[in-house]
Amino acid sequence: MGTVDLAIRTRGLRKLFGSQVAVEGLSLEVPRGEIFGFLGPNGAGKSTSIKMLLGLVTPTSGEAQVLGRSTRNAEARRKIGFLPEHFQFYSWLTARELLRVHGRLYGMPRASVEGRAWALLELVGLGAHADKRLREFSKGMLQRIGLAQALLNEPELIFLDEPTSGLDPLGRRLVRDIIKAQRERGATVFLNSHLLSEVEITCDRVAFIKDGRVLETRQLGGRSDGATSVIVKARKLSPDVASGLSRWGSSIRIDGDQLSFAVASTDVLPDLLRYLVAQGVDVYELRPQQLSLEERFVQVVGEDRGL
Amino acid sequence: MQPIAVIAALTFKEAARKKILWMALLVGLAFLVLFGVAHHYQTFRSTLTPLVRRQILNTQFLVGLYALNFLVLAMTILTSVDTLSGEIASGTIHAVATKPLRRWQLLIGKWLGFVGMLTIFLVSMVSGLALVSRAIAGHSPYHLMRGLCLMWLEGVLLLTVTFLFGTIFSTLTNGIIALGLHGLAFLGGWIEQFALLTSSERVASIGVLASVVMPSEALWRRAAFEMQSPLIGALGFTPFAAGATPSGAMVVYAAAYTIVSLLLALRLFRKRDL
């Protein structure tokens, strides 16, 4: 894929804080128009990665480009929107003034800022609070105005760092709808989250990150790569037989007559069945199950703990 | 240039919204009233010649400026100490620094905003003081403009140093460092003066050393020297610059100190992870 078609491209991006590794060798390619989910437990390096892509944090090594330009180039950010985690701004400004300030920082003409600010305030449900100062805003309202600010310049690439934190169910739905609308506009969205159900609904593709490393990248929405969990109902299961399964799968668990484990692809199922039969197991049922994102996440992130 | 102007204007707006500007003007007004009332009720024994009266009035004016100078410096440090470190700590800076502007533009915008406020406050207070002195006591101070410029440089110097340490340290630490450095310079200045009165040259060089570490107080002493009456200058006795007048080289040094601090602040801020 040419660099032009990529919204984000990183090569071996690494960040150390002192001797602490925050991000270890991040190599990502996010094509334009994709809704990309960045998943990981707290402290996995998600925010640091976003900050490197936005030029807030300087990488220790490696390179990164956004919209075809180096992250060091301030101009690259003219078509980027960013909602920081726990959005905060000068509490002495009103919502409308906040958008004006950000519009001017984007270098937008005054007249277009006014019209767009009003439309965005309505969109995020703050139309009635346009002239209220931020100090009177709740956490959820701050998050909403932060979202409006991130969309002000009609960005081609939008970074959302835990966008639903502090939002009620209606707010979460709003975020979902907004992401959908951005997809229709052809914008790229980079979504940082640890709320898997949110990501599952909205994203085209996700990367699991832990301890600063991408463990797995995965297509969502009907374009499964085949990772599956398998449930086997059988008698005469022994721990020895179960451990023999580690050739094909992982996370093996025996629960009475039920055996469950994960495989990377359904292609291995015939071999697996042959093996079980050869070991003298009476198989009553063998059922592949598409893993939910959450199960896969727990699997990938949990496994890496080296337990 | 536009981002710089936006950031500088925000700094002003913040001061206005948080009522800092109005409070500063109110305090300044109270200051001028006190100064004026003192002048109004000031009486002189009829035996005093006009020449001696003039010396007393000019010294009074310098005392007024001395207090004003302290007020300006304290306000400069207090208002600017939080502007970088506070926004970095709260994360407010994330929404600004990710806009299409360069780090240096962000820092210079803020710096210019504060320099602007400092200038307005200092100029209005010094001219207020001079007007009160002239209107009530009929005394026109000497070399007001030179003194004003030196006091301005002192304010800008401390502002820049506060910015410099704001790129590294937390608000409280930064405040302690900025005030501490000025305190050091203040003490150093007096040590130098007393050392010269008692001819202790070795002690005097300690005072000079303090001025090299932080030349802020030296600028005030130079300002006081410029504004003293020619007679007192000839007698060599003033409470602010007794013999130990900082040289022109010290003024140049202070200006260079300010510029280097600003460049260093820009460099550190550019490299800082936010």
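Residues numbered from 1 in each chain as written. Chains lettered and ligands numbered in written order. Predicted model: local features only at pLDDT ≥ 70, side-chain atom pairs only at ≥ 80, totals over all residues.

Draft legend 1. Fine view of the overall build of chain A. What chain A contains, in helices and strands, is nine helices and 14 strands. If you line up chain A on its principal axes, its C-alpha atoms span 80 × 40 × 35 Å. Looking at the 307 residues of chain A, the share that counts as buried comes to 41%. Nonlocal contacts in chain A, meaning residues at least 24 apart in sequence, comprise 68% of its contacts between residues at least 6 apart. (Helix = DSSP H or I, 4+ residues; strand = E, 2+ residues; numbered from the N terminus. Buried ≥ 20, exposed ≤ 12 C-beta atoms within 10 Å, placed from the backbone. Contact = placed C-beta atoms within 7 Å.)

Draft legend 2. How the structure looks around the overall build of chain B. When its secondary structure is counted, chain B shows 12 helices and zero strands. Expected size for 274 residues packed as a compact globule is a radius of gyration near 19 Å; at 20 Å, chain B falls within 12% of this value. The dimensions of chain B, computed from C-alpha atoms along their principal axes, are 70 × 45 × 30 Å. Put simply, chain B has 274 residues, and 45% of those count as buried. Excluding contacts between residues fewer than 6 apart, the proportion of contacts in chain B whose partners are at least 24 apart in sequence is 81%. (Rg over C-alpha atoms; globule rule 2.2 N^0.38 Å.)

Draft legend 3. Highlighting the packing of helix α7 (residues 144–166) of chain B against helix α12 (residues 248–271) of chain B. Residue and element names in this part refer to chain B. At a closest axis distance of 9 Å, the pairing of α7 and α12 adopts a crossing angle of 30°. In this view, α7 runs roughly parallel relative to α12, as classed from their interaxial angle. In this structure, the crossing between α7 and α12 has a hand that is left-handed. Of the residues in α12, those in contact with Leu150, Leu153, Val156, Leu157, Thr160, Val161, Phe163 and Leu164 of α7 are Val251, Ala254, Ala255, Tyr257, Thr258, Ser261, Leu262, Leu264 and Ala265. (Axes fitted to C-alpha atoms, helices over the stretch in contact; angles between N-to-C directions. Parallel < 35°, antiparallel > 145°, perpendicular 65-115°, else oblique. Left-handed = near helix turned anticlockwise from the far one by under 90°.)

Draft legend 4. View of the sheet that holds strand β10 (residues 213–219) of chain A. Residues and elements named next belong to chain A. The strand order across the open sheet formed by six strands is β6-β7-β8-β3-β9-β10, and the pairing between neighbours is mixed. What marks the edges here is a single partner per strand, and that holds for β6 (80–83) and β10. Ignoring which end each strand starts from, the neighbouring axes of this sheet average 15° apart. Taken together, the four bridges between β6 and strand β7 (residues 157–161) define a ladder with parallel strand orientation. The partner of Leu83 across the bridge, within β7, is Leu160. In the packing of helix α1 (residues 46–53) onto the sheet, contacts are made with β3 (35–39), β7, β8 (188–193) and β9 (205–210), and the angle to β7 comes to roughly 150°. (Pairing = 2+ DSSP bridges.)

Draft legend 5. The arrangement of the packing of helix α2 (residues 95–105) of chain A against helix α1 (residues 2–17) of chain B in detail. Close contact between α2 of chain A and α1 of chain B brings their axes to 9 Å; oriented N to C, the two are set at 155°. The orientation of α2 of chain A relative to α1 of chain B falls into the category roughly antiparallel. Two secondary-structure elements touch here, α2 of chain A through Val101, Arg104 and Leu105 of chain A and α1 of chain B through Pro3, Val6 and Leu10 of chain B.

Draft legend 6. The interface of chain B and chain A, seen in detail. Contact residues are listed per partner, giving 22 residues for chain B and 23 residues for chain A. Secondary structure elements with two or more residues in the side of chain B that touches chain A: α1 and α5 (92–97) of chain B. Broken down by element, the residue count for the side of chain B that touches chain A peaks at six residues, all from α1 of chain B. The residue makeup of the side of chain B that touches chain A, split by class, is nine nonpolar, six polar and seven charged. (Nonpolar A, V, L, I, M, F, W, Y, C, P; charged D, E, K, R; others polar.)

Draft legend 7. Layout of the domain arrangement of chain A. By the assigned domains, chain A splits into domain 1 (3–219) and domain 2 (228–290). Here the C-alpha centroids of domain 1 of chain A and domain 2 of chain A sit 42 Å apart. (Domains from an automatic or database assignment.)

Draft legend 8. Here's a closer look at helix α9 (residues 201–213) of chain B. Residues and elements named next belong to chain B. Here α9 contains 13 residues, and its C-alpha end-to-end distance of 19 Å stays within 8% of the 18 Å for a straight helix at 1.5 Å per residue. The set of residues buried in α9 consists of Ala204, Gly207, Ala210 and Ser211. Within α9, the buried residues cover an arc of 110° as seen down the axis, which keeps them to one side. Residues of α9 that are exposed and angled more than 90 degrees away from the buried face: Glu201, Arg202 and Val213. Lining the buried residues of α9 we find α8 (171–197), α10 (216–227) and α12. (Expected span 1.5 Å × (residues − 1). Arc of directions from axis to C-beta.)

Draft legend 9. Just unusual backbone geometry, in detail. Residue and element names in this part refer to chain A. The backbone phi angle of Glu154 is positive, close to 45°, even though this residue is not glycine. On the basis of neighbour count, Glu154 is assigned to the partly exposed category, with 14 C-beta atoms found within 10 Å. The backbone of Lys236 shows a phi angle near 60°, a positive value even though the residue is not glycine. Positionally, Lys236 belongs in the loop between β11 (228–235) and α7 (239–244). Residue classification places Lys236 among the exposed positions, given that 12 C-beta atoms sit within 10 Å.

Draft legend 10. Representation of the pairing of strand β13 (residues 258–263) of chain A. All names here are of chain A. Pairing geometry for β11 and β13, over six bridges, is antiparallel. Among the inter-strand pairings, Lys233 is bridged to a residue of β13, identified as Gln258. Relative to β13, strand β12 (residues 249–255) runs antiparallel, the two sharing five bridges. Across the sheet, the residue bridging to Ile254 is Leu259, located in β13. Turn length for the β12-β13 hairpin, with the two strands adjacent in sequence and antiparallel, is two residues, and the turn residue Gly256 shows positive phi of about 65°.

Draft legend 11. Representation of the confidence of the model for chain A. On average, residues of chain A score 87 in pLDDT, and 94% of them are at 70 or above. Here helix α9 (residues 293–303) of chain A is the element of chain A with the lowest mean pLDDT, 73, and β6 of chain A is the one with the highest, 96. (pLDDT = per-residue confidence, 0-100.)

Draft legend 12. Molecular detail of the sheet that holds strand β2 (residues 20–31) of chain A. Residues and elements named next belong to chain A. Ordered in space as β2-β1-β4-β5, the four strands form an open sheet in which the pairing is antiparallel. Strands at the two margins of the open sheet, each flanked by one partner only, are β2 and β5 (69–70). Across five bridges, the pairing between strand β1 (residues 6–17) and strand β4 (residues 61–66) is antiparallel. When the sheet's bridge partners are listed, Ile8 is paired in β4 with Val66.

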